Amino acid sequence: MTLQQKYTERIEKALAKYPDKRSAVMPVLHIAQEEYGWVSPEAIIEVAEICDMDPTQVKSIAGFYTMYSKHPKGKYWLQVCTDLPCALRGADQFYQELLDYLGVEDHGTTTDGLFTAEHVMCLAACDKAPMLQCNFHYQESLNMEKMKSLIEEWRAEAQKK
Amino acid sequence: MNILLREKDIPNIHEYDVYAKNGGFAGYKKALGMKPADVINTVKASGLRGRGGAGFSAGMKWSFIPQTEPVKYVAVNADESEPGTFKDRQIMENNPYQLIEGALICAYAIQAKAVYIYLRGEFWDLGAELDKCIEKAYQEGWLGKNIHKTGWDCDMYTHLGAGAYICGEESALLNSLEGKLGQPRVRPPFPAQKGGGLYGEPTVVNNVETLASVPFILDKGPEEYLKIGTKDSPGTKIFCLCGNIEKPGNYELPLGTTFRELIFDHGGGIPNGKKIKAILPSGASGPIVPATDAVLDTPLTYEDMGKIGTVLGSASIIILDESVDIVWAASKMTKFFHHESCGKCTPCREGTYWLDRVIDRLMAGKGQPNDVDLINNIAKNMVGVTLCALGDFAANPILSTIKHFPEEFKAYAQAQAGIEEKKTASPAARTAKGNEPGTPQGRAGRHSPATSTPAGD
Ligand SMILES: Cc1cc2nc3c(=O)[nH]c(=O)nc-3n(C[C@H](O)[C@H](O)[C@H](O)COP(=O)(O)O)c2cc1C
Ligand code: SF4
Ligand code: FES
């Protein structure tokens with residue numbers, strides 16, 4: 001099924017927000033990423049058709065923004081803020097411990113394909129460091145203990161599906 | 001005194017009924033009974049200054065919109081990406097209708113056709129909640145066609161970004177909304193002018209906090225607003241307090257509150273019995289100030305920050321305690337700007353790249369004797385020559401840290417002069433923080449490779 005078929009209503013709603021189709025490229029890219037887990041070359045072509053754009057234009061838009069992933073990611077994309085305010089509250093150390101726990105390098109994905117860990121810039125939650133976003137949902141005021149139980153929760157959730 | 005963070009006094013003010021019962025939409029209702037020009041004059045009279053960074057008069061900005069143009073827009077800047085800033089998020093999460101009301105007052109005042117709320121992409125869940133609030137506002141007749149029989153129509157939409165600090169810059173924000181690369185535009189024409197705004201139409205771009213301050217002004221009158229704060233900086237401001245502070249968080253206080261009151265009375269002081277060393281009053285983008293007694297006693301206003309060589313900006317106040325290695329902090333900020341430079345103009349694109357590289361090698365103990373001068377010069381060459389202010393922002397952490405803490409940079413430079421045994425006593429070894437893990441990667445497809453090589457690399 002194409003994006004257009006599967007997400008007809010959401011795409012129509014996105015297109016209706018703007019006076020031209022091109023402006024819907026960002027929301028439609030978000031939909032594509034949600035569906036495929038990343039912005040694949042095929043997704044780019046689909047988005048281009050929906051927004052009446054050239055695929056190369058869509059590709060450059062996707063390339064400009066960090067939230068559109070240009071490669072497949074783990075099922076749980078963990079983005080840990082290590083920017084200055086969080087780092088002053090121990091975020092670098094927290095991130096290193098998380099990497100060690102998962103057994104991956106920065107930007108790496110676990111061998112079971114479940115978790116990708118990345119360090120990112122400020123996420124507007126500096127008062128609740130260490131923090132991260134998992135698939136763009138906030139997890140705040142973390143420590144390794146909390147982190148481990150979250151990871152177990154996500155593992156269990158993934159097994160159920 | 002909470003004009004913005006009203007959830008501290010009124011639980012559940014994020015619910016429509018609670019908001020409405022507590023004076024919600026009274027300011028908007030009043031505005032709808034006034035001539036649009038009078039609404040602009042009211043906001044002008046309040047002295048409200050933009051809370052997104054530059055502190056420009058909000059009413060003045062609205063008055064620049066040419067009323068003869070049939071199509072006009074309001075763009076709400078909810079990109080909130082400055083390191084240390086987390087206030088707009090709190091307003092939108094806890095008091096969303098007040099932002100909607102403020103944006104509508106602005107829209108009515110300039111007779112806008114639509115309001116777009118540009119949220120940073122990571123505010124994904126928040127965007128969904130705001131959509132529900134907007135829906136409710138339509139149902140209640142505050143939005144849509146012929147609003148309150150004024151003959152004026154207005155729509156409101158949210159738009160999610162996708163991870164790019166530069167899209168908080170107003171002209172980049174407009175490009176991004178239009179589905180173009182989120183890079184700044186050449187000005188003039190400015191957003192308020194024909195040809196410069198959204199889809200070429202005159203547009204007001206205001207920060208979330210600015211607009212959320214407006215309902216009070218309409219409801220209670222500009223005189224009441226002027227009673228708070230100082231003559232040149234009226235009203236309350238949300239101070240985002242973070243870093244080495246006992247109680248990090250948002251504090252809404254009258255402008256004119258001193259650093260000392262904010263940090264010690266409200267923020268609970270510095271943890272672990274440490275001393276305060278320096279303050280970054282405007283996130284990563286404003287100059288650092290050493291926390292001297294004179295600085296601590298300075299009132300937090302737009303005018304007073306200038307006197308101590310820094311800016312109020314969006315008041316994202318990062319506290320550094322005595323154990324912080326200033327070169328490490330400068331490196332963190334430089335990595336941020338290197339990552340976020342949009343790559344459109346050379347001094348910023350190349351400058352942030354080289355600053356990051358040279359500081360990295362300095363910290364790794366592989367620098368050259370003149371590296372401190374080199375980074376100072378690279379930073380100087382970025383000031384005032386770029387298309388948007390990010391070039392200046394990126395130079396600030398370097399120029400101001402070298403100015404106030406030259407000995408810390410020298411310590412690194414000397415450590416590299418072959419005195420290996422001294423290295424254990426270098427600032428890098430004194431803090432446990434060290435460098436950040438991994439190599440931050442530039443934005444795919446954004447940066448062209450650096451083409452110039454500063455001397456000494
Ligand atoms: C690089 C850069 C990033 C910016 N980021 C933001 C931001 O995240 N939020 C914001 O409100 N203003 C930001 N600004 C300021 C906007 O360009 C603009 O001045 C502001 O939205 C105007 O609103 P105000 O008058 O209500 O402050 C940024 C400016 C620059 C140069
Ligand atoms: S100063 Fe930097 S961020 Fe601003 S337009 Fe130039 S390259 Fe882009
Ligand atoms: S620095 Fe980490 S959320 Fe702001």
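Just so we're clear, the structure is a prediction, and the values are computed from it rather than from any experiment.

K.L.:
Outline the site of ligand 2, supporting the account with residue identities and numerical values.
P.N.:
Not every one of the 13 residues close to ligand 2 is listed here, only the nearest: C342(B), K344(B), C345(B), C348(B) and C388(B). Residues of the shell around ligand 2, tallied by class, amount to 8 nonpolar, 4 polar and 1 charged.

K.L.:
I'd like a description of the interface of chain B and chain A, backed by residues and values.
P.N.:
Contacts between the two partners involve 68 residues from chain B and, on the opposite side, 47 residues from chain A. When chain B packs against chain A, close to 4400 Å² is buried across both sides, 60% of that on carbon and sulfur atoms. Connecting chain B to chain A are 2 salt bridges. With a shortest N-O distance of 2.8 Å, R89(B) and E140(A) are connected by a salt bridge. The interface formed by chain B and chain A includes 21 residue pairs in polar contact (both at pLDDT 80 or more). Mapped onto the side of chain B that touches chain A, the elements with two or more residues apiece are β2 (114–119), α7 (124–139), β3 (155–160), α8 (170–177), β5 (236–243), β9 (316–321) and α15 (326–340) of chain B. No other element matches α15(B), which puts 8 residues into the side of chain B that touches chain A. Tallied by class, residues from the side of chain B that touches chain A come to 32 nonpolar, 20 polar and 16 charged.

K.L.:
Tell me about the side chain of S400(B), and please be specific about residues and values.
P.N.:
Residues and elements named next belong to chain B. Structurally, S400 can be placed in helix α18 (residues 390–404). Exposure remark for S400: the relative accessible area of 7% places this residue in the buried category. Leave out the neighbours within four places in its chain, and S400 touches P287 and I288.

K.L.:
Which residues make up the pattern of salt bridges, and what values go with them?
P.N.:
The final tally for this structure, using the stated rule, is 30 salt bridges over all chains. Between R155(A) and E152(A) there is a salt bridge; the shortest N-O distance is 3.3 Å. With R155(A) and E152(A) both in helix α8 (residues 144–160) and 3 residues apart, this pair spans about one turn of that helix. For R155(A), a relative accessible area of 29% gives the class partly exposed. E224(B) is paired through a salt bridge with K227(B); the nearest N and O atoms lie 2.7 Å apart. Under the relative-accessibility criterion, E224(B) is labelled partly exposed at 32%. A relative accessible area of 62% places K227(B) in the exposed class.

K.L.:
Residues and numbers for a nonpolar patch on the surface, please.
P.N.:
A cluster of nonpolar side chains, contributed by F56(B), M60(B) and F64(B), occupies part of the molecular surface with about 290 Å² of accessible area. Looking at where F56(B) falls in the secondary structure, it is placed in the loop between α3 (36–46) and α4 (58–63).

K.L.:
Go over helix α12 (residues 259–266) of chain B, please, and point to the residues and values.
P.N.:
Residues and elements named next belong to chain B. The set of residues buried in α12 consists of F259, L262 and I263. Projection of α12 onto a plane perpendicular to its axis shows the buried side chains occupying an angular sector of 85°, all on one side. Where α12 is buried, its residues contact β5, β6 (249–254), β7 (276–280), α13 (293–296), α14 (302–307) and β9.

K.L.:
An account of the site of ligand 1 is needed here, citing residue identities and associated values.
P.N.:
Residue and element names in this part refer to chain B. Neighbouring residues of ligand 1: 21 residues in total, closest G52, N77, N206, N207 and T210. At 2.7 Å from an oxygen atom of ligand 1 is found a side-chain nitrogen or oxygen belonging to N207. Its free accessible area being 620 Å², ligand 1 has 90% of it covered by the protein chains. Of all the elements, strand β4 (residues 203–207) adds the most residues to the shell around ligand 1, at 3 residues.

K.L.:
Could you give an account of α3(B), with specific residues and numbers?
P.N.:
Residues that lie three or four places apart on an α-helix share one face, since the helix turns once every 3.6 residues. Residue and element names in this part refer to chain B. Those residues of α3 that fall on the buried side of the exposure criterion are V39, I40, T42, V43 and S46. Projected down its long axis, α3 carries its buried residues within an arc of 160°, all on one side. Against α2 (26–32), α4, α6 (96–110), α10 (214–220) and α11 (222–226) lie the buried residues of α3. One or two steps after α3, the chain reaches G47, where phi turns positive at roughly 75°.

K.L.:
I'd like to hear about the environment of F337(B), residue by residue, with values.
P.N.:
All names here are of chain B. By secondary structure assignment, the location of F337 is in helix α15. Among the residues examined, F337 registers a relative accessible area of 0% and is labelled buried. Measuring from C-alpha to C-alpha, the distance between F337 and I147 comes to 44 Å, with 190 residues separating the pair along the chain. If sequence neighbours within four positions are ignored, F337 has contacts with Y165, A284, S285, T352, L390, F393, A394 and P397.

The rules behind each value
- Within each chain, residue numbers correspond to sequence positions counted from 1 in written order.
- Here every chain gets a letter starting at A, and every ligand a number starting at 1, in the order they are written.
- The predicted origin of the model limits local features to residues at a pLDDT of at least 70 and limits the giving and counting of side-chain atom pairs to 80 or more, whereas totals for whole chains, interfaces and linings rest on all residues.
- To get the side-chain values, take all heavy atoms of the structure and skip hydrogens and water.
- If a single non-hydrogen atom of a residue is within 4 Å of a molecule or strand, that residue counts as near it.
- Throughout this entry, Asp, Glu, Lys and Arg are counted as charged residues, while Ala, Val, Leu, Ile, Met, Phe, Trp, Tyr, Cys and Pro are counted as nonpolar. The remaining residues, Gly among them, count as polar.
- Whether two residues touch is decided by their heavy atoms; if any such pair falls within 4.5 Å, the residues are in contact.
- In this description, buried area is defined as the sum, over both parts, of the accessible area (probe of 1.4 Å) that is lost when the two are combined.
- Salt bridge, as used here, is a side-chain nitrogen of Lys or Arg placed within 4 Å of a carboxyl oxygen of Asp or Glu.
- A 3.5 Å cut-off defines polar contacts: any pair of N or O atoms within that distance qualifies, except that in protein one atom must be a possible hydrogen donor and the other a possible acceptor, and neighbouring residues in sequence count only when both atoms are side-chain atoms.
- Going along the chain from the N terminus, every DSSP run of H or I of four or more residues is numbered as a helix, and every run of E of two or more is numbered as a strand.
- Only protein chains enter the accessibility calculation, which uses a 1.4 Å probe; a residue whose area is less than 20% of its type maximum is buried, one above 50% is exposed, and one in between is partly exposed.
- Note that patches include only residues with greater than 30% relative accessible area and no salt bridge, and the join distances are 9 Å for like charges and 5 Å for nonpolar side chains (Val, Leu, Ile, Met, Phe, Trp, Tyr).
- For accessible areas, the Shrake-Rupley method is used with a probe of radius 1.4 Å. Any residue's cover is judged against the shown protein chains and nothing else.
- Throughout, the arc means that of the directions going from the helix axis to the C-beta atoms.

Bear in mind that shape data such as this cannot, by itself, settle questions of function.
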